[in-house]
Amino acid sequence: MTTILVILIIAVAVWWWIWLNPYSFNFSETTLEIDQEAEHRVFAFGTLTNPLVRTIVIRAYVPTEPAELEGYRRYRLDLLPEDDAVTEGRIFYVNATQLRRLDRYERVGVRYERYLYYLADGKPAWVYRRISEINPPIDAADME
């Protein structure tokens with residue numbers, strides 16, 4: 001029983017160090033300038049649509065609403081441009097501290113980048129996209 005408890009404590013510590021701790025993560029260029037006073041709108045299409053995951057990551061419960069991103073289809077952990085595609089997801093609002101927590105969770109600059117896209121409702125939202133040489137990220141200016 002003691003061995004299992006030790007393994008569990010080590011597993012939790014490793015998980016915290018990798019995903020939540022602020023000390024082993026350097027923010028990328030896209031995360032440096034965040035309006036501290038603004039409410040930030042985020043579009044989630046993957047694990048962040050799960051309320052439990054989202055609550056653990058940002059350390060607060062935030063309500064969501066259905067939302068759609070036109071011109072993209074979900075492919076595994078990313079979005080691929082496709083003319084007639086629509087990606088369904090959830091939209092929610094966070095403050096600057098919570099947005100930084102999301103950046104940390106998504107490993108912005110390492111695995112993902114955060115971009116501002118216009119959703120089907122015509123309003124902008126932050127969207128996390130995988131960093132890939134095969135599928136380079138599309139700038140929000142290209143969406144207009």
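Right above here is the structure, for reference.
Residues numbered from 1 in each chain as written. Predicted model: local features only at pLDDT ≥ 70, side-chain atom pairs only at ≥ 80, totals over all residues. Heavy atoms only, no water.

Draft legend 1. Just the pattern of salt bridges, in detail. Tallied over the entire structure, the rule returns four salt bridges. One salt bridge connects R73 with E82, and the closest N-O pair in it is separated by 2.6 Å. Residue class for R73 comes out partly exposed when judged on its relative accessible area of 32%. Ionic pairing is found between R114 and D103, a salt bridge with its closest N-O pair at 2.9 Å. Of this pair, R114 sits in strand β4 (residues 112-118) while D103 sits in helix α4 (residues 96-106), and the two are eleven residues apart along the sequence. Assigned by exposure class, R114 and D103 land together as buried. (Salt bridge = Lys/Arg side-chain N within 4 Å of Asp/Glu carboxyl O. Buried < 20%, exposed > 50% of the residue type's maximum accessible area, 1.4 Å probe, protein only. Helix = DSSP H or I, 4+ residues; strand = E, 2+ residues; numbered from the N terminus.)

Draft legend 2. Representation of the pairing of strand β1 (residues 40-44) in the model. Of all the five residues making up β1, five are buried; the element is thus mostly covered by neighbouring parts of the structure. Alternating residues of β1 divide into H40, V42 and A44 and R41 and F43, and every residue in both groups is buried. With five bridges joining them, β1 and strand β3 (residues 78-94) adopt antiparallel strand pairing. Residue pairing for β3: A44 is matched across the bridge by R90. The sheet contact formed by β1 and strand β5 (residues 124-130) spans two bridges and is parallel. Within β5, the position partnered with V42 by the bridge is W126. (Pairing = 2+ DSSP bridges.)

Draft legend 3. A look at helix α3 (residues 51-58). Among the residues making up α3, those that are buried are R54, V57 and I58. End-on, the buried residues of α3 take up no more than an arc of 80 degrees, which puts them together on one face. On its buried face, α3 sits against β3 and α4. Where α3 ends, the next residue or the one after it, R59, has phi of about 65 degrees, a positive value. (Arc of directions from axis to C-beta. Contact = heavy atoms within 4.5 Å.)

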